[in-house]
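In case you want the letters, here they are:
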Amino acid sequence: LSKQIISQQEYNSKMSELNNSQAQLELESINQIEQAKAEIRQAALDAMIQSVNSFYDAKKERLQQDLDDVTNGYTTDVEEAKTSANKKLITEQEMKRRQLEIKREIAAVDKQQALFGAFVNMALGITKALSSAPPPYNLILAAITAAASMVQINAINSRPLPKYWKGRKGGN
């Protein structure tokens, strides 16, 4: 009978081991859940970024097609316009104006897309900086990241768009 009965000390030791083991399993489970949540958040962010970039890319493709249509659908040569049913006659000035207008729109979309990317990168950088070190160091890292990002955003904003060939109506 004494062999079957364990001492109170052994019982407490076994219960402590069991509780520690159970706590470790619960901690691992919580870590797995948090990891899965982080992966879902990252996948959602990636999908959002990809969809916005796809929007910009589709817009640029449409504008590029418009530019190709102007280049391929019009001619400044009277003889070519007479012999080709697919080409319409247009003045050289009007063709350049249309081409430059479309190139300006493409540059504006490129600029918008670059700004979007810079703002997303700034947000991600600040978030990473805040979680990478204890206060006040994380705040310092976040401020440095924000400042560097603002320099990049300012550089993108200061990029000029192509100018109109000979001014434009309304003066804007």
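Residues numbered from 1 in each chain as written. Predicted model: local features only at pLDDT ≥ 70, side-chain atom pairs only at ≥ 80, totals over all residues. Heavy atoms only, no water.

Asks: Would you mind showing me how to read the overall build of the chain here?
Replies: Counting secondary structure elements, the chain contains four helices and two strands. Across the chain, helices and strands are ordered from the amino to the carboxyl terminus as α-β-α-β-α-α. By the compact-globule yardstick of 16 Å for 172 residues, the chain is too spread out, its C-alpha radius of gyration being 32 Å. Out of the 172 residues belonging to the chain, those deemed buried represent 16%. Put simply, 62% of the contacts in the chain that link residues at least 6 apart link residues at least 24 apart. (Helix = DSSP H or I, 4+ residues; strand = E, 2+ residues; numbered from the N terminus. Rg over C-alpha atoms; globule rule 2.2 N^0.38 Å. Buried < 20%, exposed > 50% of the residue type's maximum accessible area, 1.4 Å probe, protein only. Contact = heavy atoms within 4.5 Å.)

Asks: What exactly am I supposed to notice about a nonpolar patch on the surface here?
Replies: Together, Ile6, Tyr11, Met15 and Leu18 make up a nonpolar patch on the protein surface, roughly 370 Å² of accessible area in all. The residue Ile6 is located in the segment before α1 (8-73) in this model. (Patch = residues over 30% accessible without salt bridge, like charges linked within 9 Å, V, L, I, M, F, W, Y side chains within 5 Å. Areas by Shrake-Rupley, 256 points an atom, 1.4 Å probe, with all protein chains shown as cover. Salt bridge = Lys/Arg side-chain N within 4 Å of Asp/Glu carboxyl O.)

Asks: Please explain the nonpolar core as it appears in this structure.
Replies: Grouped burial of nonpolar side chains is what soluble globular proteins tend to show. Counting residues in hydrophobic clusters, the biggest one holds twelve residues: Ile49, Tyr56, Leu63, Leu67, Val70, Ile90, Met95, Ile102, Ile106, Val109, Phe116 and Val120. Listed by contribution, the elements that provide at least two residues to this core are α1 and α3 (92-132). Each residue touching Met95, except ones within four places of it in the same chain, is listed here: Val70, Tyr74, Thr75, Thr76 and Ile90. (Core = buried A, V, L, I, M, F, W, Y, C linked by side-chain atoms within 4.5 Å.)

Asks: Where do I start with the pattern of salt bridges in this structure?
Replies: When the charged atoms of two side chains with opposite charge come close together, those side chains can pair. For the coordinates displayed, the defined rule picks out ten salt bridges. Put simply, Glu92 and Lys96 hold a salt bridge, and the shortest N to O gap is 3.3 Å. Note that Glu92 and Lys96 are positioned in helix α3 at a spacing of four residues, about one turn of the helix. Classification of Lys96 as partly exposed rests on a relative accessible area of 34%. Salt bridges linked by common partners bring Glu94, Arg97, Arg98 and Glu101 together as one network.

Asks: Sorry if this is basic, but what is going on with the environment of Asp69 here?
Replies: As for its position among the elements, Asp69 is in helix α1. Through-space distance from the C-alpha of Asp69 to that of Lys87 is 9.9 Å; in sequence the pair is 18 residues apart.

Asks: How do you make sense of the packing of α1 against α3 when you look at a structure like this?
Replies: A pair of packed helices is characterised by two quantities: the angle between their axes and the separation of those axes. Contact geometry for α1 and α3: axes closest at 9 Å, N-to-C directions at 170 degrees. Our classification of the angle between α1 and α3 gives roughly antiparallel. (Axes fitted to C-alpha atoms, helices over the stretch in contact; angles between N-to-C directions. Parallel < 35°, antiparallel > 145°, perpendicular 65-115°, else oblique.)

Asks: What is the right way to look at the environment of Ala129 in this model?
Replies: Turning to its location among the elements, Ala129 is positioned in helix α3. Taking the relative accessible area as the measure of exposure, Ala129 reaches 7% and is therefore buried. Distance from Ala129 to Leu141, taken between C-alpha atoms, is 5.5 Å for residues twelve residues apart in sequence. With residues near it in sequence (within four places) discarded, Ala129 still touches Asn138, Leu141, Ala142 and Thr145.

Asks: Would you explain the packing of aromatic side chains in this entry?
Replies: Any pair of aromatic rings gets described here by the distance separating the centres and the angle formed by the planes. Inspection of the entire model under this criterion finds one aromatic pair. Over the face of the ring belonging to Tyr74 we find Arg98, whose NZ or CZ atom lies 4.8 Å from the ring centre. (Phe/Tyr/Trp six-rings, centres within 6.5 Å; stacked < 30°, edge-to-face > 60°. Lys NZ or Arg CZ within 6 Å of the ring centre and 35° of its normal.)

Asks: Looking at this structure, how should I read the confidence of the model for the chain?
Replies: Regions with low pLDDT carry predicted coordinates that are not meant to be interpreted in detail. Put simply, the chain has an average pLDDT of 91, and 92% of its residues get 70 or more. Model confidence for the chain, summarised as mean pLDDT per element, is weakest for helix α2 (residues 78-83) at 86 and strongest for helix α4 (residues 137-158) at 97. (pLDDT = per-residue confidence, 0-100.)

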